[in-house]
4 protein chains.
Amino acid sequence: VPGDRLASAAHAFIIAWIVASVASVVLESVPRLRAGYEPIFVAVEFCSALVFTVEYALRLWASAEHPALRHLPHWRARLRHALTPAGVIDLLAILPFYLAYFVAADFRVLVVFRLLRFLKLMRYSPGMRSLTEAIYAERRALAACLVILGSLVITTAAVMHLAEADAQPDKFGTIPDAMWWAVITLATVGYGDVVPITPLGKLIAAVTALMGLVMLALPVGIVATAFAEVIHRREFVVTWG
Amino acid sequence: VPGDRLASAAHAFIIAWIVASVASVVLESVPRLRAGYEPIFVAVEFCSALVFTVEYALRLWASAEHPALRHLPHWRARLRHALTPAGVIDLLAILPFYLAYFVAADFRVLVVFRLLRFLKLMRYSPGMRSLTEAIYAERRALAACLVILGSLVITTAAVMHLAEADAQPDKFGTIPDAMWWAVITLATVGYGDVVPITPLGKLIAAVTALMGLVMLALPVGIVATAFAEVIHRREFVVTWG
Amino acid sequence: VPGDRLASAAHAFIIAWIVASVASVVLESVPRLRAGYEPIFVAVEFCSALVFTVEYALRLWASAEHPALRHLPHWRARLRHALTPAGVIDLLAILPFYLAYFVAADFRVLVVFRLLRFLKLMRYSPGMRSLTEAIYAERRALAACLVILGSLVITTAAVMHLAEADAQPDKFGTIPDAMWWAVITLATVGYGDVVPITPLGKLIAAVTALMGLVMLALPVGIVATAFAEVIHRREFVVTWG
Amino acid sequence: VPGDRLASAAHAFIIAWIVASVASVVLESVPRLRAGYEPIFVAVEFCSALVFTVEYALRLWASAEHPALRHLPHWRARLRHALTPAGVIDLLAILPFYLAYFVAADFRVLVVFRLLRFLKLMRYSPGMRSLTEAIYAERRALAACLVILGSLVITTAAVMHLAEADAQPDKFGTIPDAMWWAVITLATVGYGDVVPITPLGKLIAAVTALMGLVMLALPVGIVATAFAEVIHRREFVVTWG
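Residues numbered from 1 in each chain as written. Chains lettered and ligands numbered in written order. Predicted model: local features only at pLDDT ≥ 70, side-chain atom pairs only at ≥ 80, totals over all residues. Heavy atoms only, no water.

Asker: Which parts of the structure should I look at to understand the environment of D:Tyr37?
Answerer: Note that D:Tyr37 resides in helix α2 (residues 31–62). Separated by 10 residues in sequence, D:Tyr37 and D:Leu27 place their C-alpha atoms 9.8 Å apart. (Helix = DSSP H or I, 4+ residues; strand = E, 2+ residues; numbered from the N terminus.)

Asker: Hey, could you run me through the relation of the copies chain C and chain A in this one?
Answerer: For the pair of chain copies, the relating operation is a rotation around an axis with a shift along it. With an RMSD of 0.1 Å, chain C superimposes on chain A once it is rotated by 90° and translated 0.0 Å along the axis. Seen this way, the second copy is the image of the first under a four-fold rotation axis. (Least-squares fit on C-alpha atoms with pLDDT ≥ 70 in both.)

Asker: What's the story with the interface of chain C and chain A in this structure? I'm lost.
Answerer: It is common to give the size of an interface as the accessible area lost on bringing the parts into contact. With 41 residues of chain C in contact, the opposing surface of chain A contributes 33 residues. Buried surface at the junction of chain C and chain A, summed over both partners, amounts to about 3,100 Å²; 79% is from carbon and sulfur atoms. Interface area lost by chain C to chain A is led by C:Leu162, C:Leu213 and C:Val214, which between them contribute 15%. Here chain C and chain A share 0 salt bridges between them. The interface formed by chain C and chain A holds 3 residue pairs in polar contact (both at pLDDT 80 or more) in total. Elements supplying a minimum of two residues to the side of chain C that touches chain A: α8 (139–164), α10 (175–186) and α11 (199–233) of chain C. Of the residues forming the side of chain C that touches chain A, the biggest block, 12 residues, is contributed by α11(C). Looking at the side of chain C that touches chain A residue by residue, the class counts come to 28 nonpolar, 9 polar and 4 charged. (Contact = heavy atoms within 4.5 Å. Buried area = accessible area lost by both parts, 1.4 Å probe. Salt bridge = Lys/Arg side-chain N within 4 Å of Asp/Glu carboxyl O. Polar contact = N/O pair within 3.5 Å; in protein donor to acceptor, adjacent residues only side chain to side chain. Nonpolar A, V, L, I, M, F, W, Y, C, P; charged D, E, K, R; others polar.)

Asker: Hey, could you run me through helix α2 (residues 31–62) of chain A in this one?
Answerer: Owing to its 3.6 residues per turn, the α-helix aligns residues three or four sequence positions apart on the same side. Maximum bend of α2(A): about 85°, positioned at A:Tyr37, with proline A:Pro39 one to four residues after it. When we look at burial in α2(A), the residues that qualify are A:Phe41, A:Val44, A:Glu45, A:Ser48, A:Ala49, A:Val51, A:Phe52, A:Glu55, A:Tyr56 and A:Arg59. (Bend = angle between axes of the 7 residues up to and from the residue. Buried < 20%, exposed > 50% of the residue type's maximum accessible area, 1.4 Å probe, protein only.)

Asker: Could you clarify how one ought to interpret the packing of α2(D) against helix α4 (residues 85–102) of chain D in this entry?
Answerer: Between two packed helices, both the angle of their axes relative to each other and the distance between the axes serve to describe the pair. All names here are of chain D. Where α2 meets α4, the axes come as close as 9 Å, and the angle between the chain directions of the two elements is 140°. Crossing handedness for the pair α2 and α4: left-handed. Taking contact as the criterion, the partners of Glu45, Phe46, Ala49, Phe52, Thr53, Tyr56 and Arg59 in α2 are, on α4, Gly87, Asp90, Leu91, Ile94, Phe97 and Tyr98. Split by residue class, the contact of α2 with α4 holds 8 nonpolar, 2 polar and 3 charged. (Axes fitted to C-alpha atoms, helices over the stretch in contact; angles between N-to-C directions. Left-handed = near helix turned anticlockwise from the far one by under 90°.)

Asker: I'm lost on the pattern of salt bridges in this one. Help?
Answerer: Proximity of charged atoms lets side chains of opposite charge pair with each other. Evaluated as defined, the whole model comprises 28 salt bridges over all chains. For C:Arg114, the salt bridge identified is with C:Glu28, shortest N-O distance 3.4 Å. Taken together, the residues C:Arg114 in helix α5 (residues 107–115) and C:Glu28 in helix α1 (residues 5–28) connect sequence positions 86 residues apart. The same class applies to C:Arg114 as to C:Glu28, namely buried. A network of salt bridges, in which partner residues are shared, links A:Glu28, A:Glu45, A:Arg114 and A:Arg117.

Shown next, in the form of structure tokens:
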């Protein structure tokens, strides 16, 4: 609701807590920082869980007034809101905090759950929604690209496996091993941890590198075009969701 | 034939067997899996060979009814179908299975033949056909790119050979050796196994890296544009062939 | 002022001194060259400081005659010019030279200040201004890209941290460590100093490399389009500022 | 002259000798091949020099009949032809062969001269001419890109030099050293021979990698667009030159 200052302030407040919460998860993974500033991390986690819980409760309560759901009984409107993707993400963002008290969950699983809070940003970021729209609009072209790319990875990996398995059995000894090389080469990342050493292997790698550049242009071209269209079409209005 | 449920089911069934067959070849290359699950691999190979044989026989038999070939005598219509690219691929997909009983063929050659089954997917994947169309439509522009790229690889390799042959005779001692470096650099893969160490060599490599980015934009731009056009033109109808 | 030969000559003269000054800073950082040619570096620095000081004084004095500021009192017109970005850059370009006589500043800080002179080129380079315009025109789309990219870096880093922390605690032991890997992989640079070694880690890296290519197409597509538009719109007139 | 079979055959003949001559230079650089097949290399060099000499003489003789030069005296028409880029390349392609008898030239310099024969292909390759046209049409935009890229390389190198010089004096000890890292990172090649190790250095490298992708999109977008235009405009007629 543009013009409503309270809503804008609430948005900014929640976005700030999302960022703080994610930053806290990232920094807490550093042992030195966890040892030195644990109270701060605990406080941030506690407060953000509180903020997100209040936000979730208010959204759930307010959803009964939503124009599209107003004709339903209150409890059904709220249930339906709770089952939307945004509602599920909001719930997942606070669940781990409460579960940690009841279940002796692994610290690591909690980290992943807490990072899911990033998804809450999607409601506030027109960019993320534009990207989702662009990817959805081109889902069939992208699926076609994935089939092509998958074939290419398996084919080049199999050929490379035949060419290099004898020379480097630890690196190209199986086709899955060779697929690691194929993906990293086709994506032009080129870590250099797996490199052909025979002349035939180098020839195959050279052809793969060039072929890969052409093939990878496909998703790039498709997504870039669709995203540019979506970005220019919408007016970047931040809506309440 | 859209609407025909039987045809859709047959398509899905054959695509599933293609994927299973290729996955089986990939996994079988891992010694640990081959030792543990050999019966499964043998069964998948046997069943997929059976499925593809039946498919090939049915296609061959049905080709006499194909509208474009109906005016021909049956045997000539079938022979003509057998000689189309799709017909040849279908034959190659089952041949190695039967040959393995008669010829003591190398296991590795069989692997390559069995991976050819991936090409069967081309009949069912509109994406692959779109890419083939796009590449065919731009074949002259792509050939021009290849000439440019080839010249660039040889030229930069020769210059680098002159600059670095004394400092690193094992890596830049011959022009073909230097061409390996040139391709990996121009494709921006950059494994890092061959890197110039003299100041002059580094200067040449810097210019090569920048020049390569400009040059490689050419096939990328051409293919991406043509592919996007083809993708948007066709309606992604999966036709029987 | 096209047609004015004196202005053109002055432009060329100042551009030459900017290039000479920056080249001198770069070469002076090589100990062997600093030892051998110190007088030359000192002379270049002295002369360029002199040239830029005279340029700054003349611009400041002339700004009172500028059509847009002519209605103001002279001293206010000059103050306003001094506070424009171009005016601030011009001041920063000469300040370190004079400060060095009064303050015992660190040699390194001076280097950074002296390289700021490169920004003076922006007044004379239509290309840089076009890029600035293009980035400004697409600032919201680029901000959306940054949010997406940031989320992707943190998410892949967290997942990789969970997958590889046990195998390589020195390289993936904390999420910030893993973020270094994530950025270098998503940008397809792939130094190879940090590489996953577990099968799960390699799978995540493969998905990251492919996803990254799609995601990074976004800023590329946006900037390239906007820059091409701006480049073709303007007539490359070098204006006096 | 399309339709003229003799001209087509002559073209094919000369293109074949250009390719043979260049391939011979490349393969001759391998000591094992040079030792084993020296007579063949000598023969190819002798024959190609003969072919190119005859071609040059015929072209020079025929240039007097060229419509654009017919109004000139014969010797002036021929001199003018000899001074065109194509005429100079043709001369340079045969000169080293004859010079080798008179001057005790270094083998290496001869190699570079002999590879110049590749440039003869430009007359026959519409692709190379299209690229040259595209680059010429966008020369000002590309110059603007070079200025931007150069500024970026020097700036990131200087900042990285300040951040890492203490930790890795052999790799980032001087700004030119750091520029090697900057170019290889900005071009997303990423050899991995020079990698930052301090947290600050890694942060700078991450920003550089992302910035570089945006910046490098500029020449890519410009050249790809211009090349696609030129490629589609011309009809790929191979003209006699």
